[in-house]
Amino acid sequence: DLGSVVLNLLTNAFYEVNESKQQNSTDYEPTVSIATKKVGKHLEIRITDNGNGMPQEVVDKIFQPFFSTKPTGQGTGLGLSMSYDIITKGHSGELKVNTRPRESTEFIIVIPK
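Residues numbered from 1 in each chain as written. Predicted model: local features only at pLDDT ≥ 70, side-chain atom pairs only at ≥ 80, totals over all residues. Heavy atoms only, no water.

### Some thoughts on the overall build of the chain
Of regular secondary structure, the chain possesses 3 helices and 4 strands. A compact globule built from 113 residues would reach a C-alpha radius of gyration of about 13 Å, and the chain, at 14 Å, matches this within 12%. For the C-alpha atoms alone, the extent of the chain along its principal axes is close to 45 × 30 × 25 Å. Burial status across the chain gives 32% buried among its 113 residues. Sequence-distant contacts in the chain: of pairs separated by 6 or more residues, those separated by 24 or more amount to 54%. When the accessible surface of the chain is totalled, it reaches about 7000 Å², and 52% of it is carbon and sulfur. (Helix = DSSP H or I, 4+ residues; strand = E, 2+ residues; numbered from the N terminus. Rg over C-alpha atoms; globule rule 2.2 N^0.38 Å. Buried < 20%, exposed > 50% of the residue type's maximum accessible area, 1.4 Å probe, protein only. Contact = heavy atoms within 4.5 Å. Areas by Shrake-Rupley, 256 points an atom, 1.4 Å probe, with all protein chains shown as cover.)

### Details of the packing of helix α1 (residues 2-23) against helix α3 (residues 79-90)
Packing of α1 against α3 leaves a shortest axis separation of 9 Å and a crossing angle of 145 degrees. Between α1 and α3 lies a crossing whose hand is left-handed. Residues L2, V5, N8, L9 and N12 of α1 pack against G79, L80, S83, I86 and I87 of α3. Looking at the contact of α1 with α3 residue by residue, the class counts come to 6 nonpolar, 4 polar and no charged. (Axes fitted to C-alpha atoms, helices over the stretch in contact; angles between N-to-C directions. Left-handed = near helix turned anticlockwise from the far one by under 90°. Nonpolar A, V, L, I, M, F, W, Y, C, P; charged D, E, K, R; others polar.)

### Some points on α3
Here α3 is 12 residues long and its end C-alpha atoms lie 15 Å apart, about the 16 Å a rise of 1.5 Å per residue gives. Every buried residue of α3 is accounted for by L80, S81, S83, I86 and I87. Its buried side turned inward, α3 meets α1, β3 (94-100) and β4 (104-112). Positive phi shows up at S92, right after α3, with a value of about 50 degrees. (Expected span 1.5 Å × (residues − 1).)

### Regarding α1
For α1, with 22 residues, the first-to-last C-alpha span of 32 Å sits near the 32 Å given by 1.5 Å per residue. Packing partners of the buried residues in α1 comprise β1 (32-39), β2 (42-49), α3, β3 and β4.

Distances and angles like these do not, on their own, reveal function.
As structure tokens, then:
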């Protein structure tokens with residue numbers, strides 16, 4: 001299940017940087033990174049992209065089932081909702097997001113060891 005969460009977050013990040021590439025000038029360099037580290041008794045996984053980021057009104061809804069910012073037919077709106085449930089209910093962890101509109105988004109998975 002954890003692999004599905006990471007794959008979903010990476011897929012979303014790649015989608016977002018591709019959208020940013022199409023909207024921005026030729027000097028934009030799409031970047032997606034993943035990092036892991038041990039923090040006390042927790043494992044932390046960070047997935048970061050330099051896409052368009054999200055406004056607060058989108059952040060407030062992203063973990064709700066069937067919410068999507070993608071065009072019809074390109075997303076079900078279930079990926080982040082299911083990922084949230086897998087991390088929080090299945091692994092007693094947290095799934096958090098930090099975003100700066102028009103700059104970047106970072107999803108942080110924190111799970112106990």
